[in-house]
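Fold and contact review
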Amino acid sequence: MTIEQTIDIPASHRLMFDLPQEVPEGKAKVKLSIKPFAKKPKKDCNGRTDGIPMGNGMIYYPAPPGYTPGPPDPEMAPYIKEAEERAARERATGDTSFSSFKGCLKDSPCFAGRDGVEIQREMRDD
């Protein structure tokens, strides 16, 4: 017999079971499996729970409410401008895939005027 029921766990964390009359008296094996609906946030090494895990294994921490960043380092200004321009282009074209790199090495001197497919075939034949 399997009994399944959704319950609310009280603050005391104590549960009492009333079994159906069909369950015979005597010894029985009871299995209790608890699957919480809401996951408790894990604390990191600094005791913070507001971090957002990223795909590279690092954790992103959002800025606290009311935080205003200081002015950027003047040496970083050209890089920030370039990143903003690239992001604007990607938003405008909707293309954030690798297709934007298609043909970028077409006239590159590293291929000495040879076709990339031809080079790949030579490498496979070795």
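Attention here is on the structure that accompanies the text. As a convention, each chain's residues are numbered from 1 in the sequence order in which they are written. Selection of residues for local features in this predicted model requires a pLDDT of at least 70, selection of side-chain atom pairs for listing and counting requires 80 or more, and totals for whole chains, interfaces and linings are taken over all residues. Side-chain numbers come from the whole structure's heavy atoms, not from hydrogens or water.

Here the focus is the pattern of salt bridges. A pair is scored as a salt bridge if a Lys or Arg side-chain nitrogen falls within 4 Å of a carboxyl oxygen belonging to Asp or Glu. Considering all chains together, one arrives at one salt bridge under this definition. Between Glu-82 and Arg-86 there is a salt bridge, and its shortest N-O distance comes to 3.1 Å. Note that Glu-82 and Arg-86 are positioned in helix H1 (residues 77–93) at a spacing of four residues, about one turn of the helix. The exposure class assigned to Glu-82 is partly exposed, which follows from its relative accessible area of 42%. By relative accessible area, which is 40% here, Arg-86 ends up partly exposed. Labels follow the DSSP assignment, with helices taken as runs of H or I lasting at least four residues and strands as runs of E lasting at least two, numbered in each case from the N terminus. Only protein chains enter the accessibility calculation, which uses a 1.4 Å probe; a residue is then buried when its area is under 20% of its type maximum, exposed when over 50%, and partly exposed in between.

This brings us to unusual backbone geometry. With a phi angle near 60 degrees, His-13 is a residue other than glycine that sits in the positive phi range. Inspection of the secondary structure puts His-13 in the segment before strand S1 (52–53).

Further remarks concern a nonpolar patch on the surface. Two distance rules govern patches: like charges are joined within 9 Å, and nonpolar side chains (Val, Leu, Ile, Met, Phe, Trp, Tyr) within 5 Å, applied only to residues with over 30% relative accessible area and no salt bridge. The method behind every accessible area is Shrake-Rupley, applied with a 1.4 Å probe, and residues are considered shielded solely by the protein chains displayed. Together, Met-1, Ile-3, Ile-7, Ile-9, Leu-15, Phe-17, Leu-19, Leu-32 and Ile-34 make up a nonpolar patch on the protein surface, roughly 990 Å² of accessible area in all. Examined against the element boundaries, Leu-32 turns out to sit in the segment before S1.

Our focus in this paragraph is the environment of Thr-6. In this fold, Thr-6 is placed in the segment before S1. Residues Thr-6 and Ile-34, 28 residues apart in the sequence, show an inter-C-alpha distance of 10.0 Å.

These results come straight from atomic positions and should not be treated as a statement about function.
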